[in-house]
Amino acid sequence: MPHEIAPRSGTAFTLDLGQRLTVIDPRGQQVADLLAFNRADVREALSAGRTFDYASKIFLTRGDLLYSNRSNGMLAIVEDSVGRHDFLLTPCSKDTFRILYGDKDPHHGCFGNLAAALAPFGVEEDMIPAAFNCFMNVQVDGMSGALRVEPPMSKAGDRITFEARMDLVIGLTACSAPQSNNGSFKPIAWQVD
Ligand SMILES: [Zn+2]
């Protein structure tokens, strides 16, 4: 049975070398922010920049490998029923909601959820990088580089599966940003095989 992450919350857990993590969008149009850290040294973390360098593209799907800041493969994407995810943007945070949405009393966002869930593993706030945002649909204008966040293309039951290339600590959320999730907050499901 998959585990469920309640709307606007998050969790952290370990994933062993060779294990597969499947992230499921149970209702459709819901983003899940994913972080990975080397369990033996959590200063090694997912790196969007390294991954874009080696993939020579910014949209990643089945067959692509997510790299760390030390250029080691961390997670290979082995299945993907959606084909559109984001690896450009940081986890939504109090500041995201203050700066982008003008909220006076902002929600702590994925960043707050990830920081709380990852603290027991020794991950501090300043060690949290840009997340691999499962199902997040960011459209990029190729000439200007302008970004536009659109509703996810995921439908109920869609999923993406990663295979661990080292022993990892994973952080995972049901994203808290209205714009990312077409204006509603839904759960995320996950399972390890
Ligand atoms: Zn978020």
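Refer to the structure printed above.
Bear in mind that the values here come from a model prediction, so they are computed numbers and not experimental data.

## Quick look at the environment of phenylalanine 132
Among the secondary structure elements, phenylalanine 132 is positioned in strand 7 (residues 132-134). For the pair phenylalanine 132 and histidine 85, spaced 47 residues apart in the sequence, the C-alpha separation amounts to 7.5 Å.

## Some remarks on helix 1 (residues 48-55)
Buried within helix 1 we find Ala48, Thr51 and Phe52. Projection of helix 1 onto a plane perpendicular to its axis shows the buried side chains occupying an angular sector of 100°, all on one side. Residues of helix 1 that are buried sit in contact with strand 5 (65-67). One or two residues past the end of helix 1 sits serine 56, with phi positive at roughly 55°.

## Considering the pairing of strand 9 (residues 147-150)
In the sheet, strand 8 (residues 137-140) pairs with strand 9 via four bridges, with the strands oriented antiparallel. The partner of valine 140 across the bridge, within strand 9, is leucine 147. Between strand 8 and strand 9, which follow one another and run antiparallel, lie six residues, and glycine 145 among them has a positive phi close to 80°.

## Comments concerning the pattern of salt bridges
In the structure shown here, the tally under the stated rule is ten salt bridges. Residue glutamate 44 is joined to arginine 70 by a salt bridge in which the shortest nitrogen-to-oxygen separation is 3.9 Å. Taken together, the positions of glutamate 44 in the loop between strand 4 (32-38) and helix 1 and arginine 70 in the loop between strand 5 and strand 6 (73-80) put the pair 26 residues apart, joining distant regions of the chain. On the basis of relative accessible area, glutamate 44 is assigned to the buried category, the value being 3%. Shared partners join several salt bridges into a network, and the residues in it are Asp41, Arg43, Glu44 and Arg70.

## Comments concerning the packing of aromatic side chains
Summed over all chains, the structure comprises six aromatic pairs. Ring centres of phenylalanine 13 and tryptophan 190 lie 3.8 Å apart, and the angle between their planes is 0°; this geometry places the pair in the stacked category. Residue phenylalanine 13 is located in strand 2 (residues 10-15), and its partner tryptophan 190 is located in strand 12 (residues 188-192); the two are separated by 177 residues in the primary sequence. Per residue, the accessibility class of phenylalanine 13 equals that of tryptophan 190, and both read buried. Ring centres of tyrosine 54 and tyrosine 67 lie 4.7 Å apart, and the angle between their planes is 65°; this geometry places the pair in the edge-to-face category. One end of the pair, tyrosine 54, is in helix 1; the other, tyrosine 67, is in strand 5, and 13 residues separate them in sequence. Pairwise contacts between aromatic rings join Phe52, Phe87, Phe132 and Phe162 into one cluster. The ring of phenylalanine 97 carries the charged tip of arginine 8 above its face, separated from the ring centre by 5.9 Å.

## As for the sheet that holds strand 12
Pairing is antiparallel across the open sheet formed by six strands, whose spatial order is 1-12-3-10-6-5. A single partner strand is all that each edge strand has here, and the edge strands are strand 1 (3-5) and strand 5. In this sheet, adjacent strand axes meet at a mean angle of 25° when their direction is disregarded. Relative to strand 12, strand 3 (residues 20-25) runs antiparallel, the two being bridged by four bridges.

## Considering the environment of leucine 88
Take leucine 88: it is sitting in the loop between strand 6 and helix 2 (94-99). For the pair leucine 88 and serine 184, spaced 96 residues apart in the sequence, the C-alpha separation amounts to 22 Å. Among residues more than four places away in sequence, those in contact with leucine 88 are Phe52, Ile58, Ala130, Val138, Val140 and Leu147.

What counts and what doesn't
- Residues numbered from 1 in each chain as written.
- Predicted model: local features only at pLDDT ≥ 70, side-chain atom pairs only at ≥ 80, totals over all residues.
- Heavy atoms only, no water.
- Helix = DSSP H or I, 4+ residues; strand = E, 2+ residues; numbered from the N terminus.
- Buried < 20%, exposed > 50% of the residue type's maximum accessible area, 1.4 Å probe, protein only.
- Arc of directions from axis to C-beta.
- Contact = heavy atoms within 4.5 Å.
- Pairing = 2+ DSSP bridges.
- Salt bridge = Lys/Arg side-chain N within 4 Å of Asp/Glu carboxyl O.
- Phe/Tyr/Trp six-rings, centres within 6.5 Å; stacked < 30°, edge-to-face > 60°.
- Lys NZ or Arg CZ within 6 Å of the ring centre and 35° of its normal.
- Axes fitted to C-alpha atoms, helices over the stretch in contact; angles between N-to-C directions.

Purely geometric numbers; function is a separate question.
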